[in-house]
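Working through the structure, step by step
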Amino acid sequence: MFSQKQHQEEAQQVGSQFVRYYYNLFDTDRQQLQNLYTPESLLYWHGEVCRGSTQISSGITNLPFNKIVHVITTDDHQLTPQNYILSMVIGQLQMDSNRPVNFHETFLLKKESQSWMLINQAFRFTS
Amino acid sequence: MAEKEIWQTIGEGFVQAYYQQFDNTDRSSLGLLYADGACLTWEGQPFHGRAAISGKLGSLPFKRIKHLITEQDFQPTIDSCILIMVFGQLQADDDPPMGFHQVFMLKSAPNGAWACTNDVFRLGIHNIPV
């Protein structure tokens, strides 16, 4: 029987791997992100609401830049009572050759079959 | 006029109560806003359970604190919890104001009361200035 501490450490590990995978995919081939969302996934992009993998993926793919680079400054992860993983990321991103901007993003991950899926997500620029 | 969704109303109520208590009381009752097995990550340090969380929040090293919320987002989750993301500024004592980032997860108890099960807090000092 795992202690709460062990579960939280596992969540930290899984969450940490996931966000790095997410931003790497976003930066190299963001169309592929569609596979991480479900039909019920909810994404707020600076207050704008997108629901479901199709709408979310379309929104992300059509963002108005060619090149993007995300850099994670801090990332924190916790297990929720329902065994989802809650992640809060603070970082910086650069679109094309614009100046870097600060961002703040929250993810909620749920395990479906053997994969972690994004069921809630909220993104905001903070600078 | 668009009606506010229920999760937004509950979320706003929680956020207001949380920062009101944080800023205007000795924070000794803040623990009551959390569920029994709640988790807090404060600047990367984990705290488990209401007692540990209360202890941390009650022992923060400032006399005065003021939070100002710039942005807040509320989302319902598929298991009927509420996810809250807050960004704002805070000022402790006479220190210069700093940005802060905070995420809360709220869950309702059988009696209908909402409590915080997850809380993640970071100061906005870690990013390289842009």
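Per an unreviewed UniProt entry, chain B is named NTF2-related export protein, and its organism is Periophthalmus magnuspinnatus. Quoted verbatim from the Function (unreviewed entry) field of UniProt, the annotation for chain B is "Has a role in nuclear-cytoplasmic transport of proteins and mRNAs."

Chain A has the name Nuclear transport factor 2 in an unreviewed UniProt entry, where Periophthalmus magnuspinnatus is given as its organism. Under the heading Function (unreviewed entry), UniProt records this for chain A: "Has a role in nuclear-cytoplasmic transport of proteins and mRNAs."

All names here are of chain B. On the basis of which strands lie adjacent, the open sheet formed by six strands has the order β2-β1-β6-β5-β4-β3 and mixed pairing. Bordering the open sheet on either side are β2 (45-48) and β3 (65-76), each of which pairs with just one other strand. Each adjacent strand pair in this sheet contributes to an overall mean axis angle of 15 degrees, direction not counted. Pairing of strand β1 (residues 34-42) with β2 involves four bridges; the strand directions are antiparallel. Bridging across to β2, W42 finds its partner in Q45. With respect to the sheet, helix α2 (residues 50-58) is in contact with β1 and β2, its orientation differing from that of β1 by roughly 45 degrees.

This paragraph deals with the interface of chain B and chain A. It is common to report an interface's size as the accessible area lost on association of the parts. At the interface, 37 residues of chain B touch 40 residues of chain A. Where chain B abuts chain A, roughly 3100 Å² becomes buried across the two surfaces, and 61% of that area is made up of carbon and sulfur atoms. Where chain B meets chain A, there are three salt bridges. For D76 of chain A, the salt bridge identified is with R122 of chain B, shortest N-O distance 2.7 Å. Counting across the interface, chain B meets chain A through 14 residue pairs in polar contact (both at pLDDT 80 or more). Broken down by element, the side of chain B that touches chain A gets its largest block of residues, seven residues, from strand β6 (residues 114-123) of chain B. Considered class by class, the residues forming the side of chain B that touches chain A number 18 nonpolar, 13 polar and six charged.

What follows deals with helix α1 (residues 4-29) of chain A. The end-to-end C-alpha distance of α1 of chain A is 36 Å, a good match for the 38 Å that 26 residues give at a rise of 1.5 Å each. For α1 of chain A, every residue scored as buried is listed here: Q8, A11, V14, G15, F18, V19, Y22, Y23, L25 and F26 of chain A.

Attention now goes to the UniProt feature "domain: NTF2" (unreviewed entry) in chain A. Under the UniProt annotation, the feature "domain: NTF2" (unreviewed entry) is placed at residues 14-125 of chain A. Note that residues 14-125 of chain A is 22% helix and 53% strand, and that its end C-alpha atoms are spaced 25 Å apart.

All names here are of chain A. Applying the stated criterion to the full structure yields one cavity of 30 Å³ or more. Its boundaries defined by the atoms lining it, the largest cavity holds a volume of some 130 Å³. In this structure, the largest cavity is lined by 16 residues; those nearest its centre are F26, W45, L63, H70 and F123. Among the elements of the structure, α1, β1 (37-45), β3 (68-79), β4 (85-95) and β6 (115-125) are those that each provide at least two residues to the lining of the largest cavity.

This part is about the UniProt feature "domain: NTF2" (unreviewed entry) in chain B. Following the UniProt record, the feature "domain: NTF2" (unreviewed entry) maps to residues 10-123 of chain B here. Counted over residues 10-123 of chain B, helix gives 21% and strand 50%. Its end C-alpha atoms are 25 Å apart.

Attention now goes to helix α1 (residues 6-24) of chain B. All names here are of chain B. Its 19 residues give α1 an end-to-end C-alpha distance of 27 Å, which sits within 8% of 27 Å, the value for a rise of 1.5 Å per residue. Along α1, the positions that sit buried rather than exposed are G11, F14, V15, Y18, Y19, Q21, F22 and D23. Along its buried surface, α1 packs onto β1, α2, β3, β4 (82-92), β5 (98-108) and β6.

The subject of this paragraph is the packing of aromatic side chains. One pass over the full model with this rule turns up 22 aromatic pairs over all chains. Ring geometry for F123 of chain A and F125 of chain A: centres 4.9 Å apart, planes at 85 degrees, overall edge-to-face. Taken together, the aromatic side chains of F18, Y22, Y23, F26, W45, F103, F107, F123 and F125 of chain A make up a single cluster linked through ring pairs. Here the guanidinium or amino end of R27 of chain B rests over the ring plane of F22 of chain B, the centre of that ring lying 5.6 Å away.

Attention shifts here to the side chain of T41 of chain B. Tracing the backbone through its elements, the reader meets T41 of chain B in strand β1. What makes T41 of chain B buried here is its relative accessible area of 7%. Here Q78 of chain A takes part through its side chain, which lies 2.8 Å from a polar atom of the side chain of T41 of chain B. Other than its neighbours up to four places away in sequence, T41 of chain B contacts D76 and Q78 of chain A together with P46, D119, V120 and F121 of chain B.

Calculation criteria
Residues numbered from 1 in each chain as written. Chains lettered and ligands numbered in written order. Predicted model: local features only at pLDDT ≥ 70, side-chain atom pairs only at ≥ 80, totals over all residues. Heavy atoms only, no water. UniProt positions renumbered as here; feature names shortened; annotations may be inferred. Pairing = 2+ DSSP bridges. Helix = DSSP H or I, 4+ residues; strand = E, 2+ residues; numbered from the N terminus. Axes fitted to C-alpha atoms, helices over the stretch in contact; angles between N-to-C directions. Contact = heavy atoms within 4.5 Å. Buried area = accessible area lost by both parts, 1.4 Å probe. Salt bridge = Lys/Arg side-chain N within 4 Å of Asp/Glu carboxyl O. Polar contact = N/O pair within 3.5 Å; in protein donor to acceptor, adjacent residues only side chain to side chain. Nonpolar A, V, L, I, M, F, W, Y, C, P; charged D, E, K, R; others polar. Expected span 1.5 Å × (residues − 1). Buried < 20%, exposed > 50% of the residue type's maximum accessible area, 1.4 Å probe, protein only. 1 Å grid on protein atoms, 1.4 Å probe; cavity = no way out; pocket = protein on both sides within 12 Å on 5 of 7 lines; lining within 4 Å. Points joined across faces, edges and corners; volume = space filled by probe spheres on them. Phe/Tyr/Trp six-rings, centres within 6.5 Å; stacked < 30°, edge-to-face > 60°. Lys NZ or Arg CZ within 6 Å of the ring centre and 35° of its normal.

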